[in-house]
Amino acid sequence: MRKLAIGAALSGALALAGLAAPAASAAGTPDLTFSGVTVNKGKPVVVGTVKAVSVPVSYTLTRPKNLVIDQEKTVQAVILYRGTLKSLDNDLGPRRAPVCTTTATTDTTVTESCTETIVAAPDETLYEAADAGTWKAAGLYAHSDESASDDYLHSESDVTLWGNLASAKVQRASRLTTDAAPEPVAKGRTLTVKGRLTRANWVTGTYTGYRDQKAVLQFKADGGAYADVRTVTSGTGGALSTTVKAGRSGTYRFVFAGTATTAAKTSAGDHVTVK
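Parameters and conventions
Residues numbered from 1 in each chain as written. Predicted model: local features only at pLDDT ≥ 70, side-chain atom pairs only at ≥ 80, totals over all residues. Heavy atoms only, no water. Salt bridge = Lys/Arg side-chain N within 4 Å of Asp/Glu carboxyl O. Helix = DSSP H or I, 4+ residues; strand = E, 2+ residues; numbered from the N terminus. Buried < 20%, exposed > 50% of the residue type's maximum accessible area, 1.4 Å probe, protein only. Phe/Tyr/Trp six-rings, centres within 6.5 Å; stacked < 30°, edge-to-face > 60°. Pairing = 2+ DSSP bridges. Axes fitted to C-alpha atoms, helices over the stretch in contact; angles between N-to-C directions. Core = buried A, V, L, I, M, F, W, Y, C linked by side-chain atoms within 4.5 Å. Contact = heavy atoms within 4.5 Å.

S.K.: Lay out the pattern of salt bridges in plain terms, naming residues and giving numbers.
M.R.: Summed over all chains, the structure comprises six salt bridges. In this structure, R95 engages E124 in a salt bridge whose closest nitrogen and oxygen atoms are separated by 2.7 Å. One end of the pair, R95, is in the loop between β5 (88-92) and β6 (99-105); the other, E124, is in the loop between β7 (109-120) and β8 (133-148), with 29 residues separating them in the sequence. Judged by relative accessible area, R95 falls into the partly exposed class, the value being 35%. Ionic pairing is found between R211 and D212, a salt bridge with its closest N-O pair at 3.5 Å. Given the relative accessible area of 44%, R211 is considered partly exposed. Look at D212 and you get exposed, because its relative accessible area is 52%.

S.K.: Can you tell me about the packing of aromatic side chains, naming the residues and giving the values?
M.R.: The description of two aromatic rings rests on the distance between their centres and on the angle between their planes. Evaluation of the coordinates by the stated rule reveals four aromatic pairs. With 5.7 Å between their ring centres and 45° between their planes, F34 and W162 make a pair best called tilted. With F34 in strand β1 (residues 33-39) and W162 in strand β9 (residues 153-172), the pair connects residues that are 128 residues apart, well separated along the chain. No difference in accessibility class separates F34 from W162, as the two residues are buried.

S.K.: Give me the sheet that holds β7: which residues, what numbers.
M.R.: Reading across from one edge, β1-β3-β7-β6 is the order of the four strands in this open sheet, with antiparallel pairing throughout. Single-partner strands in this sheet number two, and they are β1 and β6. Across the sheet, the axes of successive neighbouring strands diverge by a mean angle of 20°, strand direction being ignored. As judged from the five bridges shared by β1 and strand β3 (residues 53-64), these two strands associate in the antiparallel manner. Its bridge partner being in β3, T33 is matched across the sheet by T62.

S.K.: I'd like a description of the nonpolar core, backed by residues and values.
M.R.: Counting residues in each nonpolar core, the largest one holds 31 residues, and the members touching the most others are V37, Y59 and L80. Of all the secondary-structure elements, those providing two or more residues to this core are β1, β2 (45-47), β3, β4 (74-83), β7, β8 and β9. Apart from the residues within four sequence positions on either side, Y59 is in contact with F34, S35, G36, V37, Q76, A77, V78, P98, E112, S113, C114 and E116. Counting 20 residues, the second largest nonpolar core, distinct from the first, contains L191, L197, A221 and V232.

S.K.: I'd love a proper account of the environment of A263, names of residues and values included.
M.R.: Within the secondary structure, A263 is located in the loop between β16 (250-256) and β17 (265-266). Residue classification places A263 among the buried residues on the basis of a relative accessible area of 7%.

S.K.: Outline unusual backbone geometry, listing residues and values.
M.R.: The linkage connecting A181 with the following residue, P182, adopts the cis geometry, with an omega of 0°. On the secondary structure map, P182 appears in the loop between β10 (174-181) and β11 (190-201). For the bond from E183 to P184, the omega torsion is -10°, close enough to zero to count as cis. Structurally, P184 is set in the loop between β10 and β11. Backbone geometry places D123, a non-glycine residue, at a positive phi of 70°. Within the secondary structure, D123 is located in the loop between β7 and β8. With a relative accessible area of 61%, D123 lands in the exposed category. You will see that N164, though not glycine, has its phi angle at about 55°, which is positive. Along the chain, N164 turns up in strand β9. Judged by its relative accessible area of 58%, N164 falls in the exposed class.

In short, the description is geometric, and any link to function would need to be established separately.
Structural data, given as structure tokens:
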């Protein structure tokens, strides 16, 4: 599958977006309709500190029957953006052309079912804490003409964006640990359960402590099911700590429900034998 030709991906076209009228009625703009936009199958996009995340996008495109979109001189796609179309704070677009299949035609229009993949990469397309949160989807159409020789160069591009087609939540990945001690422990003695909640920092490329967040300590007796014990608030460096009375052998774990900017996480369990 060939790469999108306008810009390295869509960045060249998007650089012009502030100069283009993002309305279907703009002069010279084809009548395109983007509908049914779904990002990442409706799930949050969770990104850590190293690995790029591929985000599937699907949508329906209706275009004029006589409009040729070759994904070289003419490009259509769906992008994700923060801010407004006039002033983009950040944007994410597909690196390869969408794949579209015709589903219906009329005398004047063609309707297509399209899929594409947007890449969210830490330190490449996600740079700061503000990139975690709700993004919006926009439909994009771009056209580029170029004439070049040793004696003459002419290049012109136009870009149109249709915004607020859908929303997607981009979240920092989180990590969570649990450690119960001492092990083994005598029945009735005090057991200390500690853990740590951290989340991806896209500025430093590391996981850093997430303080003042609530995590639920759960316990599962051998042969039983997990049940809530109590809620613990993370402190400096994301530290979690609480004490319980040892009653039965079983497994402890912390559960973090997540926030608007940080993904939910359940720690691995730590089994304790009670004698």
